[in-house]
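Residue-level structural notes
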2 protein chains.
Amino acid sequence: MRVLRLDVAYDGTEFHGWQVQPGLRTVQGEIERALAAVLGETVTVKGAGRTDAGVHARGQVASLATASRLPARALAPALNRRLPPDLRVLEAADAAPDFDARHSARARRYGYRLLDADDVLLRRTAWAPRHAPRAAALARATGPLEGEHDFASFRSAGGSEGTPRCLVFRAAWRRWESGLLLDIVADHFLYHMVRTIVGTALAAARRDDPAAAMAAVLAARDRRRGGVTAPPQGLCLEQVFYPADGPA
Amino acid sequence: MRVLRLDVAYDGTEFHGWQVQPGLRTVQGEIERALAAVLGETVTVKGAGRTDAGVHARGQVASLATASRLPARALAPALNRRLPPDLRVLEAADAAPDFDARHSARARRYGYRLLDADDVLLRRTAWAPRHAPRAAALARATGPLEGEHDFASFRSAGGSEGTPRCLVFRAAWRRWESGLLLDIVADHFLYHMVRTIVGTALAAARRDDPAAAMAAVLAARDRRRGGVTAPPQGLCLEQVFYPADGPA
């Protein structure tokens, strides 16, 4: 069987997340429906990140196996003609036979956008917390997260199980046009992890010592010590990293 | 009668423009419906700019006359509870008895957002032209527009009539996060004027002498010499200017 890689972007507002659910509009479901029409066979796609309802993607990656001999370069235009406007295939390419969008991934990058003030034009893609955050305090709060840690304090129930140890390569804030953005890269993420980090960082940023407050939550390994889960609309899967020389 | 001023923001994507039209979802219609519920009387609101379908506003201003004695500070929260999430009243305040959002305005500021590349998360609020524009060439193209001119070359049929002479205080491009933004301020605008300026500027920017190309279109006073009308989603009414000491 031939393996294909799809690079995908979507506005998650009107999707019930990535994963197929009977009777609901999901990203995976829409892609599989378009693929069935284009390839003439039923296929299952696997995504690098199973984004929740309302969460967006600019750099989701999916993989699938197919018997079709359609040239890869013809696939993206054919799929986009059948996909809704809030879901686009950016690129389709042949991949190594053992490529698996989820298991071959070495790291994911997410962005979480905060607004300085409410903005009706940005309410689908960013979140305005009640108290406008201070950039320096947020940076101090997320500093302790870089490195390898047990992130159990930031994992919601309901996701898939597995090790709570994650290797965070980067957790940094920068200004974007209308507020602050958390740019976070890790080998993998737990269920609701980025959103809970944002909620916890906002609370920690209001304390005298934001770094100590965050470090205490991290060390507790107890979800009850973490902060609220920030709402989904601020979150976007920006990029998935694979080994440069193909999946090893 | 007491006169009120409302400052309003909306995502225009799912509205059939500002102006009331029977059976269609319009901004004016939604505001008047919410006002009727809150004030207990039928009122007509007048907007400073009659934005088209798909055009947004961060700084629309509306005025209305009412017999209600409801304190102005209670009005915005009460209206927002009844308005859909894509339409917000930012502020409500008592105004001078002769205040008229449309006729008292001295100038309007619009922004038009271009994208460097297509982006599914920004497709409601910005436009990706086929050829990514060069900033310097666009700036040369719109330079000749500043000042008082006859803008008949940039007026679509179908809007209200009136003098085609407009005083453009500013027509400048700046980078925003994902592309270029035209920031344009004028005493008033003709029907589709900003969108036609954008379409014409994109064409002029590809010529050897963008300023000369634009000046020739302007001097022709003939809509057939102007360029295409850029699509509505890139346009946003950002601000309306009134005399500091109230309408004179």
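Residues numbered from 1 in each chain as written. Chains lettered and ligands numbered in written order. Predicted model: local features only at pLDDT ≥ 70, side-chain atom pairs only at ≥ 80, totals over all residues. Heavy atoms only, no water.

1. Some thoughts on the overall build of chain A
For clarity, the threshold we go by: Elements are defined by DSSP. Helices are runs of H or I of four residues or more, strands are runs of E of two residues or more, and each kind is numbered from the N terminus. C-alpha atoms define the radius of gyration in this analysis, and the globule rule sets the expected value at 2.2 Å times the number of residues to the power 0.38. Each residue gets one of three labels from its accessible area relative to the maximum for its type: buried under 20%, exposed over 50%, partly exposed in between, using a 1.4 Å probe on protein chains only. Every residue pair with non-hydrogen atoms within 4.5 Å of one another is taken to be in contact. All accessible areas in this document rest on Shrake-Rupley with a 1.4 Å probe, and a residue is counted as covered only by the protein chains that are shown.
Each helix and strand in chain A was counted, giving 5 helices and 9 strands. When the elements of chain A are put in sequence order from the N terminus, they spell out β-α-β-β-α-β-β-α-β-β-β-α-α-β. Compactness check: chain A gives a C-alpha radius of gyration of 19 Å against a globular reference of 18 Å for 248 residues, within 12% of the reference. For chain A, the spread of C-alpha atoms along the principal axes amounts to about 60 × 40 × 30 Å. Counting every position in chain A, which comprises 248 residues, the buried fraction comes to 54%. Once local pairs closer than 6 in sequence are excluded, the contacts in chain A between residues at least 24 apart make up 73%. Split by element, the accessible area of chain A, about 11100 Å² in all, is 50% carbon and sulfur.

2. Side note on the environment of B:R130
Note on placement: B:R130 falls in the loop between β5 (107-115) and α3 (135-142). Along the backbone, B:R130 and B:A117 are 13 residues apart, and their C-alpha atoms lie at a distance of 8.9 Å.

3. Re the side chain of A:D119
Note the cut-off: Between N or O atoms, a polar contact is any pair within 3.5 Å; within protein, one atom must be a potential hydrogen donor and the other a potential acceptor, and residues adjacent in sequence are included only when both atoms are from side chains.
Locating A:D119 in the fold gives a position in the loop between β5 (107-115) and α3 (135-142). Of note is the side chain of A:D119, whose polar atom sits 2.8 Å from the side chain of B:R58.

4. Let's talk about the packing of helix α1 (residues 27-39) of chain B against helix α2 (residues 72-82) of chain B
In a packed pair of helices, the relevant descriptors are the angle between the two axes and the axis-to-axis distance. Residue and element names in this part refer to chain B. Inclusion rule: Axes, fitted as lines to C-alpha atoms, cover a helix only where it is in contact. Angles between the N-to-C directions of the axes lie from 0 to 180 degrees. Each angle is binned into one of four classes, with values under 35 degrees roughly parallel, values over 145 roughly antiparallel, values of 65 to 115 roughly perpendicular, and all other values oblique. Left-handed describes a crossing whose near helix is turned anticlockwise from the far helix by less than a right angle; the clockwise case is right-handed.
Between α1 and α2, whose axes approach to 9 Å, the crossing angle comes to 120°. Viewed along their axes, α1 and α2 adopt a mutual orientation that is oblique. For the pair α1 and α2, the sense of crossing is right-handed. Note on element contacts: α2 touches α1 through L75, A78, L79 and R82, opposite A34, L35, A37, V38 and L39.

5. Observations regarding the relation of the copies chain B and chain A
Selection criterion: Copies are brought into register by a least-squares superposition over C-alpha atoms of residues with pLDDT of at least 70 in both.
Take chain B, turn it by 180°, move it 0.0 Å along the axis, and it overlays chain A with an RMSD of 0.0 Å. A rotation of that kind, with that shift, is consistent with a two-fold axis. Ranked by how close their C-alpha atoms come to the rotation axis, the residues of chain B are headed by B:E177, at 3.1 Å. The overlap is high: 100% of the interface residues of chain B also sit at the interface in chain A, so the same surface is used on both sides.

6. Quick word on the packing of α3(A) against helix α4 (residues 193-204) of chain A
Residues and elements named next belong to chain A. Cut-off, in case you're wondering: Charged means Asp, Glu, Lys or Arg here, nonpolar means Ala, Val, Leu, Ile, Met, Phe, Trp, Tyr, Cys or Pro, and polar covers whatever is left, Gly included.
As a packed pair, α3 and α4 sit with axes 8 Å apart at the nearest point and diverge in direction by 120°. Judged on the interaxial angle alone, α4 and α3 are oblique. Seen along the crossing, α3 lies across α4 with a hand that is right-handed. Counting all contacts with α3, which are made through L138, A141 and T142, the residues of α4 involved are I197, A201, L202 and A204. Looking at the contact of α3 with α4 residue by residue, the class counts come to 6 nonpolar, 1 polar and no charged.

7. Points about the interface of chain B and chain A
The condition is simple: Defined here as a combined quantity, buried area equals the accessible surface (1.4 Å probe) lost by two parts on assembly, summed across both. The salt bridge definition used is simple: a Lys or Arg side-chain nitrogen within 4 Å of an Asp or Glu carboxyl oxygen.
The interface of chain B with chain A comprises 23 residues on the first partner and 23 residues on the second. When residues of chain B are sorted by the area they lose upon contact with chain A, B:V120, B:L121 and B:E177 head the list and together hold 41% of the total. At the junction of chain B with chain A, the criterion picks out 6 salt bridges. With a shortest N-O distance of 3.7 Å, B:R174 and A:E177 are connected by a salt bridge. There are 6 residue pairs in polar contact (both at pLDDT 80 or more) connecting chain B and chain A. Mapped onto the side of chain B that touches chain A, the elements with two or more residues apiece are β1 (2-10), β3 (56-66), β4 (87-95) and β7 (165-176) of chain B. At 3 residues, the largest contribution of residues to the side of chain B that touches chain A is made by β3(B).

8. Here's the deal with the pattern of salt bridges
With the rule as written, the count across this model stands at 34 salt bridges over all chains. In this structure, A:K46 and A:D100 form a salt bridge, with 2.9 Å as the shortest nitrogen-oxygen distance. Of this pair, A:K46 sits in strand β2 (residues 46-47) while A:D100 sits in the loop between β4 (87-95) and β5, and the two are 54 residues apart along the sequence. A relative accessible area of 16% places A:D100 in the buried class. Ionic pairing is found between A:R58 and B:D119, a salt bridge with its closest N-O pair at 2.8 Å. Within this pair, whereas A:R58 is found in strand β3 (residues 56-66), its partner B:D119 is found in the loop between β5 and α3, the two belonging to separate chains. Given a relative accessible area of 13%, B:D119 falls into the buried group.

9. Let's talk about unusual backbone geometry
In this structure, A:R221 is a non-glycine residue whose phi angle is positive, near 50°. Tracing the backbone shows A:R221 in the loop between α5 (210-220) and β9 (235-241). We note that B:H192 has phi near 70°; this positive angle belongs to a residue other than glycine. Checked against the element boundaries, B:H192 lands in the loop between β8 (179-186) and α4 (193-204).

10. Points about the packing of aromatic side chains
Residue and element names in this part refer to chain B. The test is simple: Planes of paired rings set the category: under 30 degrees apart is stacked, over 60 is edge-to-face and the rest tilted, where pairs are Phe, Tyr or Trp rings (Trp by its six-membered ring) whose centres lie within 6.5 Å. Lysine and arginine charges are scored as sitting over a ring when NZ or CZ, respectively, is within 6 Å of the ring centre and within 35 degrees of the ring normal.
For the structure on display, the rule yields 9 aromatic pairs over all chains. Here Y10 and F15 contribute two aromatic rings whose centre-to-centre distance is 6.3 Å and whose plane-to-plane angle is 70°, an arrangement assigned as edge-to-face. Of the two residues examined, Y10 and F15, each falls in the buried class. Aromatic side chains F151 and F154 sit 5.9 Å apart centroid to centroid with 50° between the ring planes, which places their arrangement in the tilted category. Three or more aromatic residues joined by ring pairs make a cluster, and in this case those are Y10, F15 and W18. Its guanidinium or amino end placed over the ring of W176, R113 lies 4.8 Å from that ring's centre, counting from NZ or CZ.

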